[in-house]
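Each chain, letter by letter, is given below.
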Number of protein chains: 2
Amino acid sequence: MTDPSVHTAFGVYAVCVENDKLLVIHKSRGPYVHRYDLPGGNPEAGESLATALRREFLEETGMTVRLRRNIGTADVKLPWHFGQTASLHHIAAFYEGERASVPAQAPAVFEEQDALGTAWVSAEHVSTANASPLVLLACAWLKKRELPLETFTYETWEVLPRPDAYL
Amino acid sequence: MTDPSVHTAFGVYAVCVENDKLLVIHKSRGPYVHRYDLPGGNPEAGESLATALRREFLEETGMTVRLRRNIGTADVKLPWHFGQTASLHHIAAFYEGERASVPAQAPAVFEEQDALGTAWVSAEHVSTANASPLVLLACAWLKKRELPLETFTYETWEVLPRPDAYL
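In this text the structure is predicted, and so the values were computed from the model without any measurement.

Caption draft 1: Region of the structure containing the side chain of B:E47. Here B:E47 shows up in the loop between β4 (40-41) and α1 (49-61). Classification of B:E47 as buried rests on a relative accessible area of 12%. Every residue in contact with B:E47, bar those within four places of it in the chain, is listed here: A:K77, A:H89, B:A52 and B:R55.

The following block contains the structure:
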């Protein structure tokens, strides 16, 4: 009953808002490359969810985050060729957070770093063309204070070719 | 940076309340065997979260569930010997739900079935002695309408020896 063509990924993500703008990162790899994405990522084996989110947030933004509360979980499916798999099932746990420091340091530089700086964006300025499904889910939550129960499914997914495609 | 001694499990679970009582199942396997547990379980590869929860709920309770909204995610760590691993990191996404049917059928009978019937329990009647961490988290949410951000960690965990230990 398993589907070996699907790559399942689980991550934890922070929704941080200041002055009606959402904190995003510039994604540098994966299916959301060259789009805005939420700070966060996959826990390492045995790593607590809150610990993983604080670590990823610091690595990607150079700031510490104060987690406020659970928002919920959502999932996304899209075509994505990764190893032997043809599609991605991305399961995301969302937390409301706030930055607890100004950038004390640039985002960490290391081989697996997948963020290239941060930005604050307005919900009306994001779309599939420039943002990951996680950013769109966060914007939907900001509007309705509820995450959808059903999967966000994309029949097609364009991986953007250029880092400046969303500028 | 991975820890091969940890078994990570992800599941989706329903919190259903009627007359101030929480719907639970009698767990028949795993670390929570012979305790109350929440209906729900692990999505199969590629299976949507909501689909997985509706399937598990029907299999375990014989009832259909109407999902109402996301509650959030919590994680639990406890000692548990499973294969080569020595501890369990259980990541659980919680949904508020309500049963959408009376039991039209007995819980499904098949080899991997891990529930032996259902019960409705009051929060004051559950404890680590008779309930899984998921049930305790659900009761905490019912009281505060918030799930904890930090991991529920058990330094020791007693697997109950008899099916009637909680009766």
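Caption draft 2: Inspection of the interface of chain B and chain A at higher detail. On the chain A side, the residues contacting the 34 residues of chain B number 34 residues. Interface of chain B and chain A: buried area, both sides summed, is about 2600 Å²; carbon and sulfur atoms make up 52% of it. Summed over the three residues of chain B that lose the most area to chain A, namely B:N70, B:T73 and B:L149, the buried surface amounts to 23% of that side. Where chain B meets chain A, there are two salt bridges. Where chain B touches chain A, the interface holds 17 residue pairs in polar contact (both at pLDDT 80 or more). At the level of secondary structure, the elements contributing two or more residues to the side of chain B that touches chain A comprise β1 (6-18), α1, β5 (65-82) and β6 (85-99) of chain B. Per element, the largest residue contribution to the side of chain B that touches chain A is ten residues, and it comes from β5(B). Split by residue class, the side of chain B that touches chain A holds 15 nonpolar, nine polar and ten charged.

Caption draft 3: Seen up close, the relation of the copies chain B and chain A. Superposition record for chain B on chain A: RMSD 0.0 Å, screw rotation 180°, translation along axis 0.0 Å. What the superposition gives is, in effect, a two-fold axis relating one chain to the other. Among all residues of chain B, the minimum C-alpha distance to the rotation axis is found for B:G72, at 1.8 Å. When the interface residues of chain B are mapped onto chain A, 100% of them again fall at the interface, so both copies present the same face.

Caption draft 4: Representation of the pairing of strand β5 (residues 65-82) of chain A. Residues and elements named next belong to chain A. Pairing of β5 with strand β6 (residues 85-99), which is carried by 14 bridges, proceeds in the antiparallel orientation. Directly across from L67, in β6, lies its bridge partner G97. Counting the residues that bridge the hairpin from β5 to β6 gives two residues, and of these G83 lies at a positive phi of roughly 60°. Relative to strand β8 (residues 152-153), β5 runs parallel, the two being bridged by two bridges. Within β8, the residue paired with V76 across the bridge is F152.

Caption draft 5: Region of the structure containing the nonpolar core. Within the largest apolar cluster, 34 residues are counted, with the highest numbers of intra-cluster contacts made by A:F10, A:V12, A:Y95, B:F10, B:V12 and B:Y95. Those elements giving two or more residues to this core turn out to be β1 (6-18), α1 (49-61), β5 and β6 of chain A together with β1, α1, β5 and β6 of chain B. With sequence-adjacent residues up to four places away left out, B:Y95 is seen in contact with A:T73, A:L149, B:V12, B:Y13, B:A14, B:V15, B:L49, B:L53, B:L67, B:R69, B:N70 and B:I71.

Caption draft 6: Spatial organisation of α1(A). All names here are of chain A. Over its 13 residues, α1 extends 18 Å from the first C-alpha to the last, a length consistent with the 18 Å expected when each residue adds 1.5 Å. For α1, the set of buried residues is L49, A50, A52, L53, R55, E56, F57, E60 and T61. One or two steps after α1, the chain reaches G62, where phi turns positive at roughly 75°.

Caption draft 7: The arrangement of the pairing of β6(B) in detail. Alignment of β1(B) against β6(B), held across eleven bridges, turns out to be parallel. Counterpart to B:Y13 in the pairing with β6(B) is B:F94.

Caption draft 8: Structural detail: unusual backbone geometry. Residue and element names in this part refer to chain A. Positive phi values are uncommon outside glycine, yet D20 reaches one of about 65°. With respect to the helices, strands and loops of the structure, D20 is situated in the loop between β1 and β2 (21-27). The exposure class assigned to D20 is exposed, which follows from its relative accessible area of 70%. Positioned with a positive phi, H34 is a non-glycine residue whose angle comes to about 65°. For H34, the position within the fold is in the loop between β2 and β3 (36-37).

Caption draft 9: Quick peek at the packing of aromatic side chains. For the structure on display, the rule yields seven aromatic pairs over all chains. With a centroid separation of 5.2 Å and 40° between ring planes, the pair formed by A:F10 and B:F10 is classed as tilted. One end of the pair, A:F10, is in strand β1; the other, B:F10, is in strand β1, on a second chain. With respect to burial, A:F10 and B:F10 carry one shared label: buried. Considering the side-chain rings of B:F152 and B:Y154, the 6.3 Å spacing of their centres and the 70° angle between planes classify their relative orientation as edge-to-face. For B:F152, a relative accessible area of 26% gives the class partly exposed. Given the relative accessible area of 15%, B:Y154 is considered buried.

Caption draft 10: Examining the pattern of salt bridges more closely. Applying the stated rule across the entire model yields 21 salt bridges over all chains. With a closest N to O distance of 2.6 Å, A:R99 and A:E18 form a salt bridge. On the criterion of sequence distance, the pair formed by A:R99 in strand β6 and A:E18 in strand β1 is long-range, its members being 81 residues apart. A relative accessible area of 27% means that A:E18 is categorised as partly exposed. For the salt bridge of B:E98 with B:R68, the shortest nitrogen-to-oxygen distance reads 3.4 Å. Here B:E98 is found in strand β6, whereas its partner B:R68 is found in strand β5, with 30 residues between them in sequence. The class for B:E98 is partly exposed, based on a relative accessible area of 30%. Salt bridges here are not isolated pairs; linked through shared partners, they connect A:E44, A:E47, A:R55, A:E56 and A:E59.

What counts and how
Every chain's residues receive numbers from 1 upward, in the order its sequence appears when written. Whichever chain is written first becomes A and whichever ligand is written first becomes 1, with later ones labelled in order. Only residues with pLDDT of at least 70 get local features here, since the model is predicted, and only at 80 or more are side-chain atom pairs given and counted; chain-wide, interface and lining totals rely on the full set of residues. Where side-chain values are given, they derive from all heavy atoms of the structure, hydrogens and water being excluded. Counting from the N terminus, the helices are DSSP H or I runs at least four residues long and the strands are E runs at least two residues long. Exposed residues in this analysis have more than 50% of their type's maximum accessible area, buried residues have under 20%, and partly exposed residues fall in between, with area computed by a 1.4 Å probe over protein chains only. Whether two residues are in contact is decided by their heavy atoms, any of which lying within 4.5 Å being enough. Summed over both partners, the accessible area lost on bringing two parts together, with a 1.4 Å probe, is the buried area. Counted as salt bridges are all cases of a side-chain nitrogen of Lys or Arg within 4 Å of a carboxyl oxygen of Asp or Glu. Two N or O atoms count as a polar contact when they lie within 3.5 Å, although within protein this holds only if one can serve as hydrogen donor and the other as acceptor, and sequence-adjacent residues are included solely when both atoms are side-chain atoms. All residues other than Ala, Val, Leu, Ile, Met, Phe, Trp, Tyr, Cys, Pro, Asp, Glu, Lys and Arg, Gly among them, are scored as polar; the first ten of these are nonpolar and the last four charged. Least-squares superposition of the copies uses the C-alpha atoms of those residues scoring a pLDDT of at least 70 in each of them. One requirement defines pairing of two strands: DSSP has to find at least two bridges between them. Residue types Ala, Val, Leu, Ile, Met, Phe, Trp, Tyr and Cys, when buried and joined through side-chain atoms within 4.5 Å, form a set referred to as a nonpolar core. Every helix has an expected span of 1.5 Å times one less than the residues it contains. Stacked, edge-to-face and tilted labels apply to pairs of Phe, Tyr and Trp rings (six-membered ring for Trp) whose centres lie within 6.5 Å, assigned for plane angles under 30 degrees, over 60, and everything in between, in that order.

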